[in-house]
Amino acid sequence: MSAMEPNTNDFINSTNNLTPVSTLSSKEEELENKHVRKIIRNFRFYREDSLARVRQMEESYARMKKPHRAMMGHIPRFHQQLRECVAANADFLETLVADVEYMFSNRALETQSASESAEKPSRADMEKVQTTLKQFVRDWSAEGADERAACYAPIVDAILEEFPVSDSERVSVLVPGAGLGRLTLDIAAHGYATQGNEFSYYMLFGSHYALNCAPSRYGAVIYPWVHHWFNNWSTSDQLRAVRIPDIRPSSLTLDDAFSMTAGDFLDVYTEPDCWHIVASCFFLDTAHNIIEYLERMYLVLRPGGLLVNLGPLLYHYSDISGEQSVELCWDDVITAVRGVGFLLVKEVRNLPCNYINNPVSMMEYKYKCGFFVARKPS
């Protein structure tokens, strides 16, 4: 295990506390705690980094000719409003990381170190922090409902149709790449025993807040578009507030039907014939080699179990030097699905899906996603 990846840990959630999954060696625990502290520093550096960008705007405005500044007399007030939005986001992120020390049921994280030197976060680090804010829009706001309808609803509908809840046996669903946890929760709300699995501490900290710490429905306010410096119709578009969460998980009666784990999917899930369903959304293309994911999904599913997948083929490791990245086309993915032993039940192409999209921007990214349902032979 490297310092850049979370090990296997149970995630305390709003419905139950779990038993330990694995034990870390002292060296692994030291490396992981160091990584945790780095992610916390990244969140806490958000204020300084974002205000530096606002100062850059202010300096550019100050260098304009006086007649040009006169035309844009509202801009200084806009800059002040940006600062206020950044401050609100920074306060929210401080709350988000405030109690992550005890987010796992099987051990405490060491979130402080007196001797450790703090390196300045990279641009990529700060983009991940900003992306976390936008993920809250996708998963936990009323504004994200359309995205969830496009990406999550086909998966939930397929599960309900192909593997209905049983009165005689609790139907179990594994959701790898669970992000901030909304798809996992939505499936659990239909009566399934669901477990989300997530690798990224950015997402783990966010889901911990949403599932356990959010003060009330719509009790928190964030400004996720404040960093969208381009393609705005109006200054007000950049200043838009979003209230979260749109539902409180604690308001749902889930009993022991919902849980989260932290760690790499291939490391965490090794036992055969455990799950009735694997639900995969925007996840397959996070693999170094998709076939390894498909083989593991086949392994952990019970005979007759269902794999439901929706997403693009972005391939997260494709531009990272030294990392393996097997980049299959969709036809080859379907060949691999059959090749590992699945029976293809359904395939749909060109499902339009946004991902953390700014709905009022002049620019829009839209994926034409692939969707399939496959069954492990009984």
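Our subject is the structure that appears above.
Structure report, in brief. (Residues numbered from 1 in each chain as written. Predicted model: local features only at pLDDT ≥ 70, side-chain atom pairs only at ≥ 80, totals over all residues. Heavy atoms only, no water.)

1. Quick word on the overall build of the protein chain
Put simply, the test is: Strands are runs of DSSP state E lasting at least two residues, helices are runs of H or I lasting at least four, and both sets are numbered from the N terminus onward. Exposed residues in this analysis have more than 50% of their type's maximum accessible area, buried residues have under 20%, and partly exposed residues fall in between, with area computed by a 1.4 Å probe over protein chains only. By definition, residues are in contact when any of their heavy atoms lie within 4.5 Å. Each accessible area value is a Shrake-Rupley result obtained with a 1.4 Å probe; residue values ignore everything except the protein chains displayed when judging cover.
Per the secondary structure count, the protein chain includes 13 helices and 10 strands. Burial status across the protein chain gives 49% buried among its 378 residues. Sequence-distant contacts, at least 24 apart, represent 77% of the contacts inside the protein chain between residues at least 6 apart. Of the roughly 17,400 Å² of accessible surface on the protein chain, 50% is carried by carbon and sulfur atoms.

2. Details of the environment of Cys-281
Within the secondary structure, Cys-281 is located in strand E7 (residues 275-281). Cys-281 has contacts with Arg-138, Cys-151, Tyr-152, Ile-155, Gly-177, Leu-183 and Leu-310, leaving out every residue within four places of it along the chain.

3. Focus on the pairing of strand E8 (residues 301-311)
The cut-off we apply is this: Pairing between strands requires that DSSP locate at least two bridges from one strand to the other. Here a crossover is taken to be right-handed if, once the strands point away from the viewer, the path from the first strand over the helix to the second is traced clockwise.
Within E8, nine of the 11 residues are buried, leaving the element largely enclosed by the surrounding structure. Here E7 runs beside E8; their pairing, made up of six bridges, is parallel. Within the sheet, the bridge partner assigned to Val-278 lies in E8 and is Leu-307. The β-α-β motif built from E7, the intervening helix H12 (residues 290-300) and the parallel element E8 has right-handed crossover chirality. The sheet contact formed by E8 and strand E10 (residues 366-375) spans six bridges and is antiparallel. Residue Leu-310 lies in a different strand from E10, and its bridge partner there is Phe-371.

4. Re the packing of aromatic side chains
Definition in use: Within 6.5 Å between ring centres, the rings of Phe, Tyr and Trp (the latter by its six-membered ring) count as paired, and their orientation is classed by plane angle as stacked under 30 degrees, edge-to-face over 60, tilted in between. Counting as a charge over the ring demands two things of the Lys NZ or Arg CZ atom: a distance within 6 Å of the ring centre and an angle within 35 degrees of the ring normal.
Scanning all chains against the criterion turns up 15 aromatic pairs. For the pair Phe-92 and Tyr-209, a centre-to-centre distance of 5.1 Å together with 80° between the ring planes defines the contact as edge-to-face. Within this pair, whereas Phe-92 is found in helix H4 (residues 75-96), its partner Tyr-209 is found in helix H9 (residues 201-213), the two being separated by 117 residues in sequence. Ring centres 6.0 Å apart and planes at 50° place the aromatic pair Trp-330 and Phe-372 in the tilted group. Here the residue Trp-330 occupies a position in helix H13 (residues 330-339), and Phe-372 occupies one in strand E10, the gap between them amounting to 42 residues. Each of the two residues, Trp-330 as well as Phe-372, counts as buried. Aromatic ring contacts, followed pair by pair, group Phe-265, Tyr-269, Trp-275, Phe-283 and Tyr-293 into a single cluster. The ring of Trp-229 has Arg-53 lying over it, and the distance from NZ or CZ to the ring centre is 4.4 Å.

5. Things to note about H12
Filter applied, for reference: The arc in question is traced by the directions running from the helix axis to the C-beta atoms. Any N or O atom pair separated by 3.5 Å or less is treated as a polar contact, with the protein-specific requirement of one donor-capable and one acceptor-capable atom, and with residues adjacent in sequence counted only for side-chain atom pairs.
Within H12 the residues assigned to the buried category are Ile-290, Tyr-293, Leu-294, Met-297 and Val-300. Buried positions in H12, seen along its axis, are confined to an arc of 135° and lie on one side of it. Elements that come into contact with the buried residues of H12 comprise strand E2 (172-176), helix H11 (265-268), E7, E8, H13 and E10. Here H12 starts with a cap whose side-chain oxygen sits 3.0 Å from the backbone nitrogen of Ile-291, and that cap is Asn-289.

6. As for unusual backbone geometry
A cis amide bond, omega -15°, links Ile-244 with the succeeding residue Pro-245. Mapped onto the fold, Pro-245 is located in the loop between strand E5 (242-244) and strand E6 (258-262). Of note in the backbone geometry, Asn-231 takes a positive phi value of approximately 60° without being a glycine. By secondary structure assignment, the location of Asn-231 is in the loop between strand E4 (220-222) and helix H10 (235-238). Here the phi dihedral of Phe-282 falls at roughly 50°; this positive angle occurs in a residue that is not glycine. On the basis of relative accessible area, Phe-282 is assigned to the buried category, the value being 14%.

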